[in-house]
Structures are given as C-alpha cells and as structure tokens.
Amino acid sequence: DAGLDAWGLDISRYAVVEDPHPAVALRLCVGNADDLPFPDKYFDLVVSINTLHNLQRAGVVHALREIRRVSRGRRLKAWNTHPIFLFRMCASSRSA
C-alpha cells in the first residue's frame with residue numbers, strides 16, 4: 001500500500017480492457033471528461049494526460065468544471081499523453 005487510492009479513466013474501451021496489469025485492472029474505467037463517474041470532491045489530485053488539447057473550447061471549459069467537481073483541492077496537473085488519472089489519499093497517509 002503506497003498510501004494512494006489511484007484510478008484511471010480512458011475514453012477507449014480497448015485501452016481499458018485489453019490486457020491491463022492485474023494490479024490496476026479493477027481501478028480502470030471507460031469514460032470521458034464530459035461526465036466523470038466519481039462523486040464530488042473525491043480526489044486530492046487529478047492528472048489529465050493528453051486530453052484537454054483534443055477538445056474544442058467549450059469542451060475544455062466543461063472538462064475543467066468536471067475536474068474541479070471531483071477534486072477536493074482544485075488541483076490539476078496536465079500533460080500531453082492520453083488518460084486521466086485520479087488520486088485519493090488513503091486515510092493512513094493523511095494522518096502522517
């Protein structure tokens with residue numbers, strides 16, 4: 001246990017279901033930035049990789065609102081590769 005509750009989201013069903021590593025297979029889901037399938041304020045950090053620059057301006061605004069909705073601290077890191085990774089600190093790490 002590294003003290004992280006990490007999830008991965010990708011728009012491609014193939015990317016999610018095609019032979020994922022067993023350690024992460026249950027933490028991957030198919031979805032998109034229009035409607036992130038997580039509760040409000042669920043994650044401490046949201047990392048967007050190669051997503052936002054592929055959207056039209058209105059899509060970027062909507063995606064950023066969704067990212068802010070699921071983030072506790074409004075923290076976003078963006079890089080130019082594909083999936084969105086979402087992290088939530090485990091209770092044992094928060095107290096350290």
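Right, let's walk through the structure included here. A quick note: this is a predicted structure, and the numbers were derived from the prediction, not measured.

Reading the values: the criteria
- Residues numbered from 1 in each chain as written.
- Predicted model: local features only at pLDDT ≥ 70, side-chain atom pairs only at ≥ 80, totals over all residues.
- Heavy atoms only, no water.
- Helix = DSSP H or I, 4+ residues; strand = E, 2+ residues; numbered from the N terminus.
- Phe/Tyr/Trp six-rings, centres within 6.5 Å; stacked < 30°, edge-to-face > 60°.
- Buried < 20%, exposed > 50% of the residue type's maximum accessible area, 1.4 Å probe, protein only.

**Focus: unusual backbone geometry**
Next up, step 1: One non-glycine residue, K41, adopts positive backbone phi at about 55 degrees.
Next up, step 2: Topologically, K41 is positioned in the loop between β2 (28–30) and β3 (45–49).

**Details of the packing of aromatic side chains**
Next up, step 1: Inspection of the entire model under this criterion finds four aromatic pairs.
Next up, step 2: Between W7 and F38 the ring centres are 5.8 Å apart and the planes differ by 65 degrees, which places this aromatic pair in the edge-to-face class. Placement of the pair is W7 in strand β1 (residues 4–10) and F38 in the loop between β2 and β3, with a sequence separation of 31 residues.
Next up, step 3: Residues Y42 and F43 carry aromatic rings whose centres are separated by 4.8 Å and whose planes lie at 85 degrees to one another, so their mutual orientation is edge-to-face.
Next up, step 4: The class of F43 is buried, set by a relative accessible area of 0%.

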